[in-house]
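Take a look at the letters that make up each chain.
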Amino acid sequence: MRAVKQKKPVVVISGGAQGIGWATAQCFAQHGYCVAILDKEYDLAVQRANELGSEHSAYEVDVTSEDSVTLAVEAIVQRYQSIACLVNNAGVGEQPGKTLEQKLSAFEVILATHLSGGFLLSRIVAKQMQRQGKGAVVNLSSIAAFAGIPARNAYAAAKAGLSAMTRSMACEWGELGIRVNAIAPGYVYTGLVKKLEQQGKVDVKAIQARTPLRRLAQPEEIAEAIVFLASDKASFITGTTLMVDGGWLANGAA
């Protein structure tokens, strides 16, 4: 792929073709970034990159595969010469249900995608950021990492691991000029949630009643928080997980 001569910062977004990832890709583009979308659904990723414009790009990536991640990052560096920010957003649906009925195989798939995938991408991209002397990583954690939510063991464990990894990487890489932070979204009104609501599998009214702001987040609101942590406006912020949950975690009332 031909190198692009440009001065715009470059952001790499895993799982960037839909949901929060796609909203984040659009937000970064609006803020003047070149966006590299990583996704297992390559055709959709290409479509999304084309929607953003010719300076943006798409790559078919399985974040659980070291070879897949390495090849994609090498291609991005070859094209753009630098990476300003990495957003670890890739994820898969979890297995719902009681702990005693959950399967280890499904548990491991969720950890591999959310947690191991975040580790792999961070480690490989950070090597490029080290050469640059500057960079920012933003991980997608969750309120599930900080609150007991029944039947969500694998998801909660993976997200808690991402927040813990955020802190350790921030301390290790700070002297290299690399900042590492995380976002912990609350309930977000994505297309998937809308579908689950229509099927009667999600009680949106109950979630709204539990949330002090009395509504769910829009994907664009999560995206703006991610862009903020990646930007120079957050230049002295590292090692933190920012709650973007409408006050859900703060609400201790019954």
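Anything mentioned here points back to the structure above.
Residues numbered from 1 in each chain as written. Predicted model: local features only at pLDDT ≥ 70, side-chain atom pairs only at ≥ 80, totals over all residues. Heavy atoms only, no water.

## Notes on the packing of helix 1 (residues 19-30) against helix 2 (residues 42-52)
Now for step 1: Contact geometry for helix 1 and helix 2: axes closest at 11 Å, N-to-C directions at 25°. Between helix 1 and helix 2, the interaxial angle falls into the category roughly parallel. Crossing handedness for the pair helix 1 and helix 2: right-handed. Along the contact surface, helix 1 presents W22, A25, Q26 and A29, while helix 2 presents R48, E51 and L52.
Now for step 2: Classifying every residue of the contact of helix 1 with helix 2 by side-chain character gives 4 nonpolar, 1 polar and 2 charged. (Axes fitted to C-alpha atoms, helices over the stretch in contact; angles between N-to-C directions. Helix = DSSP H or I, 4+ residues; strand = E, 2+ residues; numbered from the N terminus. Parallel < 35°, antiparallel > 145°, perpendicular 65-115°, else oblique. Left-handed = near helix turned anticlockwise from the far one by under 90°. Contact = heavy atoms within 4.5 Å. Nonpolar A, V, L, I, M, F, W, Y, C, P; charged D, E, K, R; others polar.)

## A short note on the nonpolar core
Now for step 1: Counting residues in each nonpolar core, the largest one holds 32 residues, and the members touching the most others are V11, F28, V87, I183, I222 and I226.
Now for step 2: At the level of elements, strand 1 (10-14), helix 1, strand 2 (34-39), helix 2, strand 4 (85-88), strand 5 (135-140) and helix 8 (219-230) are the ones that each hand at least two residues to this core.
Now for step 3: Among the elements that line this core, the one with the most residues is helix 8, at 7 residues.
Now for step 4: Not counting residues up to four positions away in its chain, the partners in contact with V11 are F28, Y33, C34, V35, A36, C85 and V87.
Now for step 5: Core analysis: the second largest hydrophobic core is formed by 30 residues, V61, V63, L86 and I124 among them. (Core = buried A, V, L, I, M, F, W, Y, C linked by side-chain atoms within 4.5 Å. Buried < 20%, exposed > 50% of the residue type's maximum accessible area, 1.4 Å probe, protein only.)

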